[in-house]
Structures are given as structure tokens and as C-alpha cells.
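Analysis of the macromolecular model
Residue-level listing of the chains:
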Amino acid sequence: MTAHTAEPGRARLLVPQLGAASSPPHLVKGHRSSCSVPFREHPGRSGTSQITSRYPARHAIIATVSRAYGYVGPPELLERASPDTVGERVASPADLKRWLAGRDAAERDEPFTYVVDLDGTLRVAPRRSEHVACAGGQSVLAAGEVTFHGTRVGEISNQSTGYCPDAASWPDVAAALDRAGLDRPDGFTAVFVFRHCPGCGELNVVKDDDYVCVFCAGALRRS
Ligand SMILES: [Zn+2]
């Protein structure tokens with residue numbers, strides 16, 4: 001009788017099948033897939049999150065969650081970042097070759113700064129460039145240091161004290177490298193664990209599974 005009963009089956013089809021129904025879809029952890037397309041929400045017709053059917057089936061799976069990391073470093077570095085400081089976009093081996101050709105030999109052997117921007121694109125900058133500058137002041141999907149052998153990735157890490165990305169950012173790194181057509185390892189060659197101390201607020205790089213603040217000896221979050 002009412003218009004609302006017209007599409008009950010369709011409405012059910014659009015509801016995400018979440019294990020933890022209490023968590024918003026974009027916060028559900030541990031359900032990554034190889035697909036790197038960031039989760040997209042349809043604004044929703046009834047106020048709830050709905051997977052839009054405009055995307056191909058493999059992209060519509062709720063499991064494709066990418067976490068964005070906001071900048072957490074010194075404010076003065078953020079103030080200096082702008083669209084003018086953004087790193088070189090690498091979307092193909094030719095892009096990387098061209099950029100590397102502009103570096104001197106000594107620099108090519110050292111790790112470069114990289115970020116994966118919110119579009120999933122790899123951006124690189126000379127060593128010691130701030131990650132926040134490379135990202136143009138924006139949030140990122142991943143950040144760290146990388147070395148190249150030709151257009152093959154040698155070493156790659158999540159070392160960025162500006163964004164403190166965790167090891168779970170790897171799938172976004174892998175997807176960006178794959179999209180750029182660059183050979184890569186199967187994971188980070190060095191993984192860093194960053195924790196801000198809840199007591200003193202200082203940033204710690206956790207070593208040897210020792211989750212104690214080196215500044216105030218307070219306990220650090222384990223997960
Ligand atoms: Zn502390």
C-alpha cells in the first residue's frame with residue numbers, strides 16, 4: 001500500500017554484510033583485499049551506509065578498506081607544505097626513469113621519500129624531503145622511504161615520523177607500485193612501529209617489542 005514497501009528486496013541487497021555491525025564500514029579493520037580502490041560510500045537513501053551498485057562487483061565488496069593517515073608531525077613543517085611542494089607523480093616506469101635521470105648518481109643510491117596519496121598514486125621526492133611536503137600537506141594512504149634499482153623497488157619501508165603509517169599500509173603501497181608498473185618486493189623490507197605516548201605525548205619508534213616510552217617510561221599502546 002505504501003511506496004516504502006516497493007523495493008524491500010533491493011534494499012536488503014544494498015546493505016553491507018558486516019561482521020561487526022556496530023562499526024562504521026570505513027573503520028572495520030582486518031578485511032583488506034588486493035583491491036586498492038578506497039571504500040566509497042553512497043550518501044544513502046535512508047541515512048545508512050550503502051554500497052553503490054555503480055561500481056564493478058569486485059570494487060563493491062566492503063572489504064576494500066584503505067586507511068588515510070593524517071599528518072601528526074611538527075606544525076611548522078605542515079605550514080611549509082603546499083601544492084607547490086608535492087612530490088613527483090609516478091604512474092609508469094617511464095615517469096620514474098625520467099625523474100631518476102634528473103637526480104645525481106650519489107642521490108640515486110640513497111633512499112627517496114615517498115607517499116601514496118589519497119588517489120592511490122605514488123609520489124616521490126629527494127631524500128630528506130619531508131613527507132608532508134611530498135604530500136602537499138594532505139593526508140596519505142602510505143608513506144616511507146624507498147630505493148630503486150633501475151625501475152625495480154629495492155628497499156621500501158613505512159618510515160615516516162610525520163604520518164606514522166603502520167605495517168597495514170602495505171597493500172596500498174603494493175597497489176600504487178603495481179599501478180605504476182614497477183617490480184616490487186612482497187612486503188616492506190623494513191617495518192617501523194610508531195607510538196605516541198599517551199602520558200607525555202612524545203613519538204616513540206618501538207624496538208624489540210618494547211612498548212615502553214623512552215621519554216617518560218610510560219606504557220605504550222600495543223595494538
Ligand atoms: Zn612518554
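The rules behind each value
- Residues numbered from 1 in each chain as written.
- Predicted model: local features only at pLDDT ≥ 70, side-chain atom pairs only at ≥ 80, totals over all residues.
- Helix = DSSP H or I, 4+ residues; strand = E, 2+ residues; numbered from the N terminus.
- Buried ≥ 20, exposed ≤ 12 C-beta atoms within 10 Å, placed from the backbone.
- Pairing = 2+ DSSP bridges.
- Axes fitted to C-alpha atoms, helices over the stretch in contact; angles between N-to-C directions.
- Contact = placed C-beta atoms within 7 Å.

Looking at the environment of His149
Within the secondary structure layout, His149 lies in strand β4 (residues 140-149). Taking the number of C-beta atoms within 10 Å as the measure of exposure, His149 has 11 and is therefore exposed. Counting along the chain gives 41 residues from His149 to Arg108, while the straight-line C-alpha distance between them is 8.8 Å.

A look at the sheet that holds strand β3 (residues 122-125)
Sheet strands associate in pairs through backbone hydrogen bonding, adopting either a parallel or an antiparallel arrangement. Taken together, 5 strands build an open sheet; the order of strands is β1-β3-β2-β4-β5 and the sheet is antiparallel. The sheet terminates laterally at β1 (88-90) and β5 (152-156), the two strands that pair on one side only. Across the sheet, the axes of successive neighbouring strands diverge by a mean angle of 45°, strand direction being ignored. Here strand β2 (residues 112-117) pairs with β3 via 4 bridges, running antiparallel. Within β3, the position partnered with Thr113 by the bridge is Ala125. The sheet contacts of helix α4 (residues 93-101) involve β1, β3 and β4, and relative to β1 the element is tilted by about 145°.

Here we look at helix α7 (residues 170-179)
When you tally the buried positions in α7, you get 7 out of 10 residues, the bulk of the element. Listed in full, the buried residues belonging to α7 are Trp170, Asp172, Val173, Ala174, Ala175, Ala176 and Leu177. In the stretch just after α7, Gly181 is the one whose phi turns positive, near 75°.

Some remarks on the pairing of strand β6 (residues 193-196)
The side chains of a regular strand alternate between both faces of the sheet. Here β6 runs beside strand β7 (residues 203-206); their pairing, made up of 4 bridges, is antiparallel. Looking across to β7, one finds that His196 is bridged to Leu203. Counted along the chain from β6 to the antiparallel partner β7, the turn is 6 residues long, and its residue Gly201 has a positive phi close to 85°.

Regarding unusual backbone geometry
For Asp208, which is not glycine, the phi dihedral falls at a positive 55°. Residue placement: Asp208 occurs in the segment after β7. Not every positive phi belongs to a glycine, and Asp209 is a case in point at roughly 60°. Its place among the elements puts Asp209 in the segment after β7.

Observations regarding the pairing of β4
With 7 of its 10 residues buried, β4 lies for the most part within the structure. Direction of pairing for β2 relative to β4: antiparallel, over a ladder of 6 bridges. From the neighbouring strand, Val115 faces β4, where its bridge partner is Ala143. Relative to β5, β4 runs antiparallel, the two being bridged by 3 bridges. From the neighbouring strand, His149 faces β5, where its bridge partner is Arg152.

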